[in-house]
Amino acid sequence: MKVVLVDFLNAYPLYFALVNKIIDNDIEFIRKMPSVCAKMLYEKQVDVGIAPSIEYAKSDHYIIPNVCISSDYKVKSVALFLKKPLNKVKTVKLDKNSNTSVALTKILFAYKYKIGVEYTEDKADCELVIGDNALYRIEHTDEQVIDLAYEWMEFSGYPFVFALWIANKKIPTHYTDLFLKAKNWGINHLETIAEAFCDTHNYDYNKAYDYLKNNLSYDLGENKIKSLEIFFEYAYKLNLTSKKSNLHFLNE
Ligand SMILES: C=C(O[C@@H]1C=C(C(=O)O)C=C[C@H]1O)C(=O)O
């Protein structure tokens, strides 16, 4: 079993216990940026992966139930950094590590802000940044920062789901059980995880812990499933996906 993992602090709680063999397993792990996780999963270079949620809507894959990377209010690490007031923004630079937040940005500009903008890879009036890069940038910027989980909550009324465990084929329940056990271990050991991250990254422990505890959540309950359905509907409406997506969970 080959599994690709998102190499951001926000994903650590889902796999820390597996990668460090706190929970015994025979899985081969690779860590990549989210957009690369999506590609590897799609090209079947791996069997399972943590991948941007929008990828599910582009595939005929399976969602592993009861687990995701989401935010119930503000996520902190998925943000627009503005050089101008929002109503003056004409160009938006996207983050090439992301797929889901790129789609979310496009949906918010089209349907919430109702501003026509040009998307670019170059310097722009406003920039989408995700993950650890966003956590660092927030510390050192005087730009206006717009939190995209908060914006989605205001727009849709639901907590946003950034990433899912996705399998590109049916896998034995033994493995889905391992992923759920790892999540449960992770959410009960956020101190250990924040500490391990700060040992290898130049980041403050209290901030890492606060981020994991208060900005992120990992259960995939009914309101988050509803949120995914609404997100996929808007993505389809905006031609970001080519089909209307029904959610298929493993072991159902
Ligand atoms: C919350 C975040 O979620 C990430 C955002 C993703 C995306 O935009 O495609 C994919 C995986 C998540 O780990 C973040 O990186 O800040």
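Described below are features of the structure shown in this document. Small disclaimer: the values here were computed from a predicted structure and weren't measured.

Cut-offs and rules
Residues numbered from 1 in each chain as written. Predicted model: local features only at pLDDT ≥ 70, side-chain atom pairs only at ≥ 80, totals over all residues. Heavy atoms only, no water. Salt bridge = Lys/Arg side-chain N within 4 Å of Asp/Glu carboxyl O. Buried < 20%, exposed > 50% of the residue type's maximum accessible area, 1.4 Å probe, protein only. Axes fitted to C-alpha atoms, helices over the stretch in contact; angles between N-to-C directions. Helix = DSSP H or I, 4+ residues; strand = E, 2+ residues; numbered from the N terminus. Parallel < 35°, antiparallel > 145°, perpendicular 65-115°, else oblique. Contact = heavy atoms within 4.5 Å. Nonpolar A, V, L, I, M, F, W, Y, C, P; charged D, E, K, R; others polar. Near = heavy atom within 4 Å. Polar contact = N/O pair within 3.5 Å; in protein donor to acceptor, adjacent residues only side chain to side chain. Areas by Shrake-Rupley, 256 points an atom, 1.4 Å probe, with all protein chains shown as cover. 1 Å grid on protein atoms, 1.4 Å probe; cavity = no way out; pocket = protein on both sides within 12 Å on 5 of 7 lines; lining within 4 Å. Sits in = over half its atoms within 2 Å of the grid points. Domains from an automatic or database assignment. Pairing = 2+ DSSP bridges. Phe/Tyr/Trp six-rings, centres within 6.5 Å; stacked < 30°, edge-to-face > 60°. Expected span 1.5 Å × (residues − 1). Arc of directions from axis to C-beta. Points joined across faces, edges and corners; volume = space filled by probe spheres on them.

Within this structure, the stated rule accounts for 13 salt bridges. Glutamate 143 is paired through a salt bridge with arginine 137; the nearest N and O atoms lie 2.8 Å apart. Residue classification places glutamate 143 among the buried positions, given a relative accessible area of 17%. Salt bridges sharing partners connect three or more residues here, namely Lys83, Glu127, Arg137 and Glu143.

In this section: the packing of helix H1 (residues 12-19) against helix H7 (residues 173-188). One way to put it is that H1 packs onto H7 with a least axis distance of 7 Å and a crossing angle of 110 degrees. Between H1 and H7, the crossing angle belongs to the class labelled roughly perpendicular. Across the interface between the two elements, Pro13, Leu14, Phe16, Ala17 and Leu18 from H1 touch Leu178, Phe179, Ala182, Lys183, Trp185 and Gly186 from H7. For the contact of H1 with H7, the per-class residue count stands at nine nonpolar, one polar and one charged.

Here we come to the site of the ligand. Taken together, 17 residues lie around the ligand, and Asn10, Ser77, Ser98, Thr100 and Ser101 are the ones closest in. Serine 98 is positioned such that a nitrogen or oxygen atom in its side chain is 2.7 Å from an oxygen atom of the ligand. Serine 101 places a polar side-chain atom, nitrogen or oxygen, 2.6 Å from an oxygen atom of the ligand. In isolation the ligand has 390 Å² of accessible area, and contact with the protein removes 100% of it. Most atoms of the ligand, that is more than half of them, are within 2 Å of grid points of the largest cavity. Elements with a contribution of two residues or more to the shell around the ligand: helix H4 (100-112) and strand S10 (160-167). Built from parts of two domains, the shell around the ligand gets at least three residues from each of domain 1 (2-70 + 159-237) and domain 2 (78-156).

Here we come to the sheet that holds strand S7 (residues 118-120). What holds strands together in a sheet is hydrogen bonding between their backbones, with the strands either parallel or antiparallel. Ordered by their spatial adjacency, five strands build an open sheet running S7-S6-S8-S5-S9, and the pairing between neighbours is mixed. At either margin of the open sheet sits one strand with a lone partner, and together these are S7 and strand S9 (144-147). Taken over all neighbouring pairs, the strand axes of this sheet differ in orientation by 25 degrees on average, direction set aside. Across five bridges, the pairing between strand S5 (residues 78-82) and strand S8 (residues 126-130) is antiparallel. Among the inter-strand pairings, phenylalanine 81 is bridged to a residue of S8, identified as glutamate 127. Sheet contacts for helix H5 (residues 131-140): S5, S8 and S9; angle to S8, the most-contacted strand, approximately 120 degrees.

Here we take up the pairing of S5. Within S5, five of the five residues are buried, which leaves the element mostly enclosed by the surrounding structure. The alternating pattern of S5 places Val78, Leu80 and Leu82 and Ala79 and Phe81 on opposite faces, both of which are buried. Taken together, the four bridges between S5 and S9 define a ladder with antiparallel strand orientation. Residue pairing in the sheet places alanine 79 in a bridge with aspartate 147 of S9.

All told, the structure shown has 18 aromatic pairs when counted by the stated rule. Geometrically, the ring pair formed by tyrosine 12 and phenylalanine 197 is edge-to-face, given 5.6 Å between the ring centres and 80 degrees between the ring planes. On the criterion of sequence distance, the pair formed by tyrosine 12 in helix H1 and phenylalanine 197 in helix H8 (residues 190-200) is long-range, its members being 185 residues apart. Phenylalanine 197 sits in the buried class, given a relative accessible area of 1%.

Taking 1.5 Å per residue, 16 residues should reach 22 Å; helix H10 (residues 222-237) reaches 23 Å between its end C-alpha atoms and fits that length. Summarising the contacts, the buried residues of H10 are in contact with helix H3 (53-57), strand S4 (62-71), H4, helix H6 (148-156) and S10. Backbone geometry just downstream of H10 places asparagine 239 in the positive-phi region, at approximately 65 degrees.

With that out of the way, let us pick up H5. Of the positions making up H5, those classed as buried are Gly131, Asp132, Ala134 and Leu135. One side of H5 carries all its buried residues, which in axial view fall inside an arc of 160 degrees. Elements in contact with the buried residues of H5: S5, S8, H8 and helix H9 (205-215).

To continue, consider empty space enclosed by the protein. All chains considered together, the criterion is met by two cavities of 30 Å³ or more. Its volume calculated, the largest cavity comes out at about 190 Å³. Taken together, 19 residues line the largest cavity, and the ones lying closest to its centre are Asn10, Pro34, Ile130, Phe162 and Ala163. For the lining of the largest cavity, the secondary-structure elements that each account for two or more residues are strand S3 (48-52), H4 and S10. A breakdown of the residues in the lining of the largest cavity according to their chemical character gives 12 nonpolar, seven polar and no charged. Taken domain by domain, the lining of the largest cavity gets at least three of its residues from each of domain 1 (2-70 + 159-237) and domain 2 (78-156).

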